[in-house]
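# Results of the structural survey
Spelled out from the first residue to the last, the chains are:
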Amino acid sequence: MPIQENKDTFVKEMFSGIAHRYDLLNRLLSLRRDVYWRRFAVRELLKTGGGFFLDVATGTGDCAIEILMQGEKRKKVVGVDFTSEMIYAGRKKIEREGLSDCITLLETNAMSLPFEDNYFDGVVSAFGVRNFSDIKRGIREMRRVIRKNGKVVILEFTNPSNKTFKKIYHLYFKRILPFIGGIISGKRYAYQYLPDSVIEFPDQKGLKKIMEDEGLGDVKYFNLTFGIVAVHAGVK
Ligand SMILES: C[S@@+](CC[C@H](N)C(=O)[O-])C[C@H]1O[C@@H](n2cnc3c(N)ncnc32)[C@H](O)[C@@H]1O
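What you are looking at is a predicted structure, and each value in this text was computed from that prediction instead of being measured. Residue indices begin from 1 for each chain and proceed along its sequence in written order. Restriction of local features to residues with pLDDT of at least 70 applies here, the model being predicted, together with a cutoff of 80 or more for giving and counting side-chain atom pairs; totals for whole chains, interfaces and linings are based on all residues.

We now examine the overall build of the chain. A count of helical and extended segments in the chain gives 9 helices and 7 strands. In terms of overall dimensions, the chain is globule-like: its C-alpha atoms have a radius of gyration of 17 Å, near the 18 Å expected for 236 residues. Here the C-alpha coordinates of the chain stretch approximately 45 × 40 × 40 Å along the principal axes. The buried share of the chain, taken over its 236 residues, is 40%. Long-range pairs, those at least 24 residues apart, make up 72% of the contacts in the chain with a sequence separation of at least 6. A run of H or I in DSSP becomes a helix once it reaches four residues, and a run of E becomes a strand once it reaches two; helices and strands are each numbered from the N terminus. Note that the radius of gyration is over C-alpha atoms, with the globule rule given as 2.2 Å times the number of residues to the power 0.38. Counting other C-beta atoms within 10 Å of a residue's own tells you its class, since 20 or more makes it buried, 12 or fewer makes it exposed, and anything in between is partly exposed; those C-beta atoms are placed from the backbone. Throughout, a pair of residues is in contact if the C-beta atoms placed from their backbones lie within 7 Å.

Turning our attention to the site of the ligand. In the vicinity of the ligand there are 22 residues, among which Ala57, Gly59, Thr83, Ala110 and Ala126 approach most closely. Top element by residues in the shell around the ligand is helix α1 (residues 3–18). It accounts for 3 residues. Partitioned by chemical class, the residues of the shell around the ligand number 12 nonpolar, 6 polar and 4 charged. Should the C-beta atom of a residue, placed from the backbone, lie within 6 Å of a molecule or strand, that residue is near it. Under the grouping applied here, Gly and all other residues not named as nonpolar or charged are polar, the nonpolar ones being Ala, Val, Leu, Ile, Met, Phe, Trp, Tyr, Cys and Pro and the charged ones Asp, Glu, Lys and Arg.

What follows is about the sheet that holds strand β4 (residues 120–126). Strands belonging to one sheet form pairs held by backbone hydrogen bonds; the direction of such a pair is parallel or antiparallel. Pairing within the open sheet is mixed, and its 7 strands lie in the order β3-β2-β1-β4-β5-β7-β6. Edge positions in the sheet fall to β3 (103–107) and β6 (217–224), since each has one partner strand and no second. In this sheet, neighbouring strand axes are inclined to one another by 15° on average, regardless of whether the strands run parallel or antiparallel. Should DSSP find at least two bridges between two strands, the strands are regarded as paired. As judged from the 3 bridges shared by strand β1 (residues 52–56) and β4, these two strands associate in the parallel manner. From the neighbouring strand, Asp55 faces β4, where its bridge partner is Val124. Axes, fitted as lines to C-alpha atoms, cover a helix only where it is in contact. Angles between the N-to-C directions of the axes lie from 0 to 180 degrees.

Right, let's talk about helix α6 (residues 135–144) for a bit. Turning to α6, its buried residues are Gly138, Ile139, Glu141, Met142 and Arg143. Looking at the buried side of α6, the elements it contacts are β1, β4, β5 (146–157) and α9 (204–213).

This part is about the environment of Tyr119. Secondary-structure assignment places Tyr119 in the loop between β3 and β4. For the pair formed by Tyr119 and Lys148, sequence separation is 29 residues and the distance between their alpha carbons is 9.9 Å.

This next bit is on the pairing of β1. Regular strands place their side chains on alternate faces of the sheet. The buried fraction of β1 is high, at 4 of 5 residues. Two strands pair when backbone bridges link them, and β1 and strand β2 (residues 76–81) are joined in this way by 5 bridges, in the parallel orientation. What sits directly across from Val56, in β2, is Val80.

Before going further, it helps to spend a moment on the pairing of β4. Counting buried positions over the 7 residues of β4 gives 7, a clear majority of the element. Two elements, β4 and β5, share 6 bridges in a ladder whose sense is parallel. When the sheet's bridge partners are listed, Val124 is paired in β5 with Val153. By the criterion used throughout, a crossover qualifies as right-handed when its path from the first strand across the helix to the second strand runs clockwise, the strands pointing away from the viewer. Each parallel crossover has a hand, and for β4 linked through α6 to β5 it is right-handed.

All right, on to the nonpolar core then. Core analysis: the biggest nonpolar cluster contains 57 residues, and Ala41, Val123, Val124 and Val152 have the highest contact counts within it. Contacts of Val123, omitting those with residues within four sequence positions, involve Phe53, Leu54, Val56, Met142, Val145, Ile146 and Val152. Each nonpolar core comprises buried Ala, Val, Leu, Ile, Met, Phe, Trp, Tyr and Cys residues, the members being joined through C-beta atoms within 7 Å.

Moving on, we get to the environment of Leu24. Positionally, Leu24 belongs in helix α2 (residues 22–29). With 67 residues separating them along the chain, Leu24 and Arg91 place their C-alpha atoms 16 Å apart.

Where helix α3 (residues 33–46) meets helix α4 (residues 62–70), the closest approach of the two axes is 9 Å, and the angle between their N-to-C directions is 60°. When the axis of α3 is compared with that of α4, the two are oblique. Classified by chirality, the crossing of α4 by α3 is right-handed. Note on element contacts: α4 touches α3 through Asp62, Cys63, Glu66, Ile67 and Gln70, opposite Arg38, Arg39, Ala41, Val42, Arg43 and Leu46. Put simply, angles under 35 degrees are roughly parallel, angles over 145 are roughly antiparallel, angles from 65 to 115 are roughly perpendicular, and the rest are oblique. By convention, the crossing between two helices is left-handed when the near helix turns anticlockwise from the far helix through less than a right angle, and right-handed when the turn is clockwise.

Below, the structure written as structure tokens:
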């Protein structure tokens, strides 16, 4: 099997196994900072204007919902994800929130988005890009499906630069988080994969360069919570 399919299969299986506990563990393990991080990313996205957005690797739909919370309910959002269990959990949540008329979730692979060029006003991806089998291709696809002057916004974990903070944080991130995540989800490897994949992921400057290489301009990034995460935004 090619490496790309291997990673997609691994990632899909992993998220299908933790989908039922995904939201709970996000809030718990980040002490609810994840809510603030998505809010920040969506605020950056909405600066682009317009009313039709895409949430790539939407998971349980948190960014899609946040777009409607910040914008008026007239906005429309499509969320895509290739793990059916995550989409299922997302659809139930969207129904509970009464947002089914505004948000559509589709099961599809971000490596090949089923949309025409220049279709959306902007696109966001929170904690998705790191899991892609081909980061460049994923970003190229995101850029392709948005209109000129639309924004690609990426929220991802990074490695904090302050050495003292990094030591304490890594103790939590590499040891305590996989332990708690393992107990609650029953899938410790998924919460071990999280720090491992963050360490392998490009740093802020590296991701900015990839976005620029894929044709995005005016790429900026914002470090949040001591650089645990960063929001990158680039313009088509
Ligand atoms: C860490 S979750 C993030 C979910 C959500 N965006 C959030 O903020 O909580 C990563 C999601 O990316 C999805 N994913 C990873 N690679 C993908 C791909 N190539 N195509 C579609 N979805 C993908 C996984 O299925 C998973 O639901």
